Amino acid sequence: MPLYAQAPQQSNWVSDDLTTWVRSGPTDGYRIVGTLTAGEPVAVLETSGDYSRVENSEGDTVWVLTSELQETPSTQVRLPILEQRVAELTGELDGINDDWENRVASMTQTLETTDQRIAEIEARNRELEAESAASRQTIRQLQARLDTQEEDLLLRYFMYGGGVAGAGLLVGLIIPHLPRRRKKNDRWF
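Quick caveat, the model's predicted, so the values are computed rather than measured.

## Side note on the pairing of strand S5 (residues 61-65)
When strand S4 (residues 51-55) meets S5, the two strands line up antiparallel, connected through 5 bridges. Considered in S5, the bridge of serine 52 is made with valine 64. In sequence, S4 turns back onto S5 through a hairpin of 5 residues, with glycine 59 there showing a positive phi of about 90°.

So, in structure tokens, the structure goes:
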């Protein structure tokens, strides 16, 4: 059994409002003359040992441990910039999302229209193929009738020609056997 009651764990963060002690000279032996707030911008004027002499925005010069300086802006400076950038990017993303949804809707509508048009063309194509098949069948029937008529016509011509030739032959055979008329003989003998 523990000797103390455990408090429920909760998340906390160390405050950004920490301060750094500053001195009047470049060693720990010089007295503390004030503080600098975390994230406060300073200009480094010179460095001596572990300390750097800096000038703050009010024009005061003090010495601070060099290890407590950093070359990048503090989170207090960067955070508003980053938050603004996040807001801008979120706005752009919302715009891109809306644009993308509009494009997808437009493409979907175009696709549906295209699918409908393709279905109509395919139906018309089937109709035309059926008409073409019927036309080919009709052409075959007409061609067969034409061929039959040509054969009938040739047979008729052949029969007429044979009839004329037969009649001519018959006349040619009969005429020599017909009695001839005698000519009057006006001659004197």
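Next comes the rest of the write-up.
## Side note on the confidence of the model for the chain
Mean pLDDT over the chain works out to 84, with 87% of the residues at or above the 70 mark. Within the chain, no element has a lower average pLDDT than strand S1 (residues 19-23), which sits at 84, and none a higher one than S4, at 91.

## Quick look at the pattern of salt bridges
If you walk through the whole model with that rule in mind, you get 5 salt bridges. A salt bridge links glutamate 46 to arginine 53, with the shortest nitrogen-to-oxygen separation between them at 2.8 Å. For glutamate 46, a relative accessible area of 35% corresponds to the partly exposed category. Residue arginine 103 is joined to aspartate 99 by a salt bridge in which the shortest nitrogen-to-oxygen separation is 3.7 Å. Within this pair, arginine 103 and its partner aspartate 99 are both found in helix H1 (residues 75-174), separated by 4 residues, close to a single helical turn. We classify arginine 103 as partly exposed; its relative accessible area is 48%. A residue is classified by how much of its surface remains accessible, and aspartate 99, at 38% relative accessible area, is partly exposed.

The rules behind the values
As a convention, each chain's residues are numbered from 1 in the sequence order in which they are written. Under the rules for a predicted model, residues below a pLDDT of 70 receive no local features and side-chain atom pairs below 80 are neither given nor counted, while totals for whole chains, interfaces and linings still include all residues. Values shown for side chains rest on all heavy atoms present in the structure; no hydrogens or waters enter the calculation. DSSP calls a pair of strands paired once it identifies at least 2 bridges connecting them. Elements are defined by DSSP. Helices are runs of H or I of four residues or more, strands are runs of E of two residues or more, and each kind is numbered from the N terminus. As a per-residue quantity, pLDDT reports the predictor's confidence and falls between 0 and 100. Salt bridges, as used here, are contacts in which a Lys or Arg side-chain nitrogen is within 4 Å of a carboxyl oxygen on Asp or Glu. Note on exposure labels: buried denotes an accessible area under 20% of the residue type's maximum, exposed denotes more than 50%, and partly exposed covers the range between, all computed with a 1.4 Å probe on protein chains only.

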